[in-house]
Amino acid sequence: MITTSRIKSLVTFAVYAALLLTQAGFSQDLTSKFSADKMRERVKKISSDEFEGRGPGSKGAGLATQYIADQLKAAGVTPGNGSSYFQNVPLVGVKADPMSYLRVERSGQPGKLYKFGDDFVAFSGAQSAKSDVNAELVFVGYGIDAPMYNWNDYKGPAEDYKGKVLMMLVNDPPATSSEPNLFGGKALTYYGRWTYKFEEAARRGAAGVILVHTTESAGYGWNVVRTSNGSWRYDIARTPGDKSPFLQFKGWATNEASSAILVQAGLNLDELRAKAARRDFQPVKTGVNVMLDLSSEIKRLNSPNVVGVLKGSDPKMSSEFVVYSAHWDHFGIGEPAANGDKIYNGAYDNASGVAAVLGIADVLAKIALKDRPKRSTLFLFTTGEEQGLLGAEYYSRHPLVPLAKTAADVNLDGVNIFGKVSDFVALGADRSSIIDQILEAANERHLTIGGDKNSDKGFFYRSDHFPFAKVGVPSVNFQHGDTFTPPLKGDAATFFRDYTAKYYHQVTDEYHDWWDASAMVQEAELALAIGVKLANVKEMPRFKSTDEFYSADKKRLGGR
Ligand SMILES: [Zn+2]
């Protein structure tokens, strides 16, 4: 006869076995749950000409975001913003008049004109149709004020910068033999990013900024700067009460044009560049005036983040969320290429990421609630990433679940379409405890997690996980490595080798039938496994106390 205590222990064992099974189930390979055909179908659809390169505010963008919401609904994912799958992000688009000229004049000498597109590009930071600037040019080196590195280019009184046009170099000051770890050594810090340069100059009350472009320091050619700044540029719309500082214009100039402008002032760019690399650099009042009469088309629009939610299984922990994010936007229809093609399809960047996150949603939604990971899952497809991480920035300021209840963000931007790999890169993960769950999931699959091989490019600051980090949420930009198994050949090898030079932000970033959907599934499956471990780990993930985002982490958790 089976005694009650016997029954009790049997029941406990059964429950425990089921739990193990589900947990084991989760740490087991879930590849078979994914549909490679569905993955291919989605990446093809999202990057199709029908969606017109998904420029925010365009008809194609409307079709794309509705498609994503429909796919979430069909998968059984519930709306993430009340009863809506959409979180509207108020944007302002500015498009500079390409006939604009930059005029530089030194008193008593003939002025010189610089042509938009060829010599410089600029867009309004004032979100207004007219931005007229006529001010002295001040060369401020790298334009950085970094107490943690005891470095400040903004020496002297604030008046030296207020209302002026500031010319500065991009990237970080170079490390030296005596200071090999200056500004993170080879790795780019946020101080080296063009976004920081504009933000810091605005804080100084400057009227405008001219960043000096070199392919080496920017990490991409003038064609990329020209494309992304010569067309519509968006920003989060300023609300009437918004007192945050802004620039009349944000600009770039070629190295040649920058050099010519400084020659007008009797200065030499290369000499200034050498001085700027020293901590004792002194900003230079050039004595020349920059006049920019910038007329811009303005448009105001709402462009949605698409958001879905799947509830977790644990009564308590399901109030906490793991976020999967991928931006749906790209450059839309822009400057035509030599062959006349003007649709920037953004297939690798980032139709692939959207398809991968939809695949993850499919798999999780098919699991019965009681067997799901403990924490809930939020799927966030952001707008405006190409315009400066705008959708993610807006979400981080207007989160749909409390930041204190947001365990982590796993961001996918450029999912592997080339061929399976044995290594992945978890950008930013080593800044927090989430690295543990990532390594665990990778080890189970005999995959390696490599370091950032392009730390000099500052990729950590260049996708949607970064706004999450800025508000203290541990986040990772999860990306495939380059140890392809077997090695790539043919079109895949060419596309991968030439991506930055010939495909990145160009009309050529298009879907091809040779794309390997099983490689996409490999990456999506690993990202899912990581997210599940983050959804089940007992303690909420935290930034390491030594990291620059630890203070924001403490702040979101009320100082804990
Ligand atoms: Zn991208």
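Residues numbered from 1 in each chain as written. Predicted model: local features only at pLDDT ≥ 70, side-chain atom pairs only at ≥ 80, totals over all residues. Heavy atoms only, no water.

Topic: the coordination of the zinc ion
Right, so step 1: For the zinc ion, the full set of protein donor atoms is His 327 (NE2), Asp 349 (OD), Asp 413 (OD) and Asp 413 (OD), at a range of 2.0 to 2.5 Å.
Right, so step 2: Coordination at the zinc ion is irregular, judged from the four donor atoms that bind it and the angles of 53 to 145° they form at the metal.
Right, so step 3: Within one chain, the residues serving as donors to the zinc ion are arranged as H-x21-D-x63-D. Pair noted here: His 327 is in strand S14 (residues 321-327) and Asp 413 is in the loop between strand S18 (406-412) and strand S19 (423-427), with a separation of 86 residues, a long-range link.
Right, so step 4: The buried category is assigned to His 327, whose relative accessible area is 1%. (Donors = N, O, S within 2.8 Å, 3.2 Å for Na, K, Ca; no water. Tetrahedral: all angles 85-135°; square planar, octahedral: opposite > 155°, others 65-115°. Helix = DSSP H or I, 4+ residues; strand = E, 2+ residues; numbered from the N terminus. Buried < 20%, exposed > 50% of the residue type's maximum accessible area, 1.4 Å probe, protein only.)

Topic: the domain arrangement of the protein chain
Right, so step 1: Segmentation of the protein chain into domains returns domain 1 (28-90 + 299-556) and domain 2 (94-298).
Right, so step 2: Taking the mean C-alpha position of each, domain 1 and domain 2 sit 32 Å from one another.
Right, so step 3: The partner domain 2 presents 23 residues to the 27 residues of domain 1 that form the contact.
Right, so step 4: Overall, the association of domain 1 and domain 2 removes approximately 2,400 Å² of surface from exposure, summing both partners, and the carbon and sulfur fraction of that is 56%. (Domains from an automatic or database assignment. Contact = heavy atoms within 4.5 Å. Buried area = accessible area lost by both parts, 1.4 Å probe.)

Thoughts on the pattern of salt bridges
Right, so step 1: Enumeration over the complete set of coordinates arrives at 33 salt bridges.
Right, so step 2: Where Arg 431 meets Asp 547, a salt bridge forms, and the shortest distance between an N and an O atom there is 3.0 Å. With Arg 431 in the loop between S19 and helix H11 (434-444) and Asp 547 in the loop between helix H14 (517-536) and helix H15 (550-556), this pair connects stretches of sequence that are 116 residues apart.
Right, so step 3: The buried category is assigned to Arg 431, whose relative accessible area is 17%.
Right, so step 4: Across the pair Glu 444 and Arg 445 runs a salt bridge, and its minimum N-O distance is 3.1 Å.
Right, so step 5: Several salt bridges converge on common partners, so that one network encompasses Glu 440, Glu 444, Arg 445, Glu 525 and Lys 533. (Salt bridge = Lys/Arg side-chain N within 4 Å of Asp/Glu carboxyl O.)

Section: the environment of Trp 222
Right, so step 1: Residue placement: Trp 222 occurs in helix H6 (residues 222-230).
Right, so step 2: Among the residues examined, Trp 222 registers a relative accessible area of 15% and is labelled buried.
Right, so step 3: If sequence neighbours within four positions are ignored, Trp 222 has contacts with Gly 117, Asp 118, Asp 119, Phe 120, Val 121, His 213, Thr 215, Trp 252, Ala 253 and Thr 254.
Right, so step 4: At 2.8 Å, the side chain of Trp 222 and the backbone oxygen of Gly 117 are in polar contact. (Polar contact = N/O pair within 3.5 Å; in protein donor to acceptor, adjacent residues only side chain to side chain.)

As for helix H2 (residues 36-46)
Since the α-helix turns once every 3.6 residues, residues separated by three or four places project in the same direction.
Right, so step 1: Burial in H2 covers these residues: Met 39, Arg 42, Val 43 and Ile 46. Summarising the axial view, the buried residues of H2 lie within an arc of 95°, below the 170-degree limit, and thus occupy one face.
Right, so step 2: Where H2 is buried, its residues touch helix H3 (59-75), helix H9 (347-365) and H14. (Arc of directions from axis to C-beta.)

Examining the confidence of the model for the protein chain
Right, so step 1: On average, residues of the protein chain score 92 in pLDDT, and 95% of them reach the 70 mark or higher.
Right, so step 2: Below a pLDDT of 50 lies the segment residues 13-25, which in the model reaches six contacts outside its immediate sequence neighbourhood of four places, other chains included. (pLDDT = per-residue confidence, 0-100.)

A few points about unusual backbone geometry
Right, so step 1: Backbone torsion omega between Asp 349 and Asn 350 reads 15°, so that peptide bond is classified as cis.
Right, so step 2: In this model, Thr 485 is joined to Pro 486 through a cis peptide bond whose omega is -5°.
Right, so step 3: Notably, Phe 183 is not glycine yet its phi reads approximately 50°, a positive angle.
Right, so step 4: Despite not being glycine, His 446 has its phi angle at roughly 55°, a positive value.
Right, so step 5: Position of His 446 among the secondary structure elements: in the loop between H11 and strand S20 (448-450).
Right, so step 6: Among the residues examined, His 446 registers a relative accessible area of 71% and is labelled exposed.

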